[in-house]
Amino acid sequence: MERKQSGYIHQYYELEKLIKLSLEKRDINLMRVVMNKYKISPLPDRMSKQEAIFNDRANAIRIIDTAIRISINCNVNSEQAFSLGEVIIADISRVTDRIKLIDYLDNAIQLFIRIIKEAENHAYSLHVERCIRYIQQHIFDELKVKNIAVQQQISPDYLSNLFYSDTGINLSTFIHKQKIKEAQLLFSYCPSYSINDVATMLSFKHVSHFSTLFKKYTGRTPREYKIQISSASFENRGAVR
């Protein structure tokens, strides 16, 4: 009752609306303004520190649930959205520091904005749509054009030609780019993962091949990218507080 009288529920509803707006506009800066205004939630004076962080974690998870729903509405593959959400929620559940929790939310919303941007409407043929969906759902597997074609019961040459005709990019190149984008997400949200960890998770047989492709498509080596995002996270921390 105290929370209802204090406007707690109303304020959280307003916060969720603004988070929704920041995602729909793909605007991380708007999200930071929102988080700076509301922090995570208004904290009743009688809360202990333990109750406060428990309360904040619950609200952060609600925000991620909102991000999952919005991303699916924006044509993000549902399995991709739920998988990302599950990883983020698992991490949030272990956070015991409020400032770290705000940092996690900042990074998480950036990741959702990224996958929403990548899922902008594309009018592709059925085989190509299925191909893209298969790649997204099996991004951690060793993906070969021949195996993907077998899944669709068509020849590898036909699938490759159709994919290039629809997208203007070679299928093998698309697979590499998607794996590197996934690597960027992993480095961004899981900075403790080593370069070898990520290369192995994405089924690269050789770290050198992974590193070569990473630099080719991002302009940086994996090590340079990890240093960059670590510096950016430190700078953003002050902006969100």
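Here the structure is shown first, and the text comes after it.
Here's a quick rundown of the structure. (Residues numbered from 1 in each chain as written. Predicted model: local features only at pLDDT ≥ 70, side-chain atom pairs only at ≥ 80, totals over all residues. Heavy atoms only, no water.)

To continue, consider the pattern of salt bridges. Opposite charge on two side chains permits them to pair, given that their charged atoms come into close proximity. Following the criterion strictly, the structure yields three salt bridges and no others. A salt bridge links Lys 144 to Glu 142, with the shortest nitrogen-to-oxygen separation between them at 3.7 Å. Its relative accessible area of 43% is what places Glu 142 among the partly exposed residues. Here Lys 205 and Glu 142 are joined by a salt bridge, their closest N and O atoms 3.7 Å apart. With Lys 205 in the loop between helix 11 (195–201) and helix 12 (207–218) and Glu 142 in the loop between helix 7 (126–137) and helix 8 (145–152), the pair connects residues that are 63 residues apart, well separated along the chain. Of the residues examined, Lys 205 reaches a relative accessible area of 66% and is grouped as exposed. Taken together, the shared-partner salt bridges in this structure form one network comprising Glu 142, Lys 144 and Lys 205. (Salt bridge = Lys/Arg side-chain N within 4 Å of Asp/Glu carboxyl O. Buried < 20%, exposed > 50% of the residue type's maximum accessible area, 1.4 Å probe, protein only. Helix = DSSP H or I, 4+ residues; strand = E, 2+ residues; numbered from the N terminus.)

The contact between helix 4 (residues 49–73) and helix 5 (residues 78–92) brings their axes to 9 Å, and the two run at 170°. Taken together, the axes of helix 4 and helix 5 are roughly antiparallel relative to one another. Listed contacts from helix 5 to Arg 57, Ala 60, Ile 61, Ile 64, Asp 65, Ile 68, Ser 71 and Ile 72 of helix 4 are Ser 78, Ala 81, Phe 82, Gly 85, Ile 88, Ile 89 and Ile 92. (Axes fitted to C-alpha atoms, helices over the stretch in contact; angles between N-to-C directions. Parallel < 35°, antiparallel > 145°, perpendicular 65-115°, else oblique. Contact = heavy atoms within 4.5 Å.)

What follows is about helix 10 (residues 171–189). With 19 residues, helix 10 ought to run about 27 Å at 1.5 Å a step, and its terminal C-alpha atoms sit 27 Å apart, in line with that. Burial within helix 10 is extensive, with 14 of its 19 residues counted as buried. (Expected span 1.5 Å × (residues − 1).)

The final tally for this structure, using the stated rule, is eight aromatic pairs. Judged by centre distance (5.8 Å) and plane angle (75°), the rings of Phe 187 and Phe 214 are edge-to-face. Here Phe 214 lies in helix 12 and Phe 187 lies in helix 10, a separation of 27 residues in the sequence. Neither residue differs from the other here; Phe 187 and Phe 214 are each classed as buried. (Phe/Tyr/Trp six-rings, centres within 6.5 Å; stacked < 30°, edge-to-face > 60°.)

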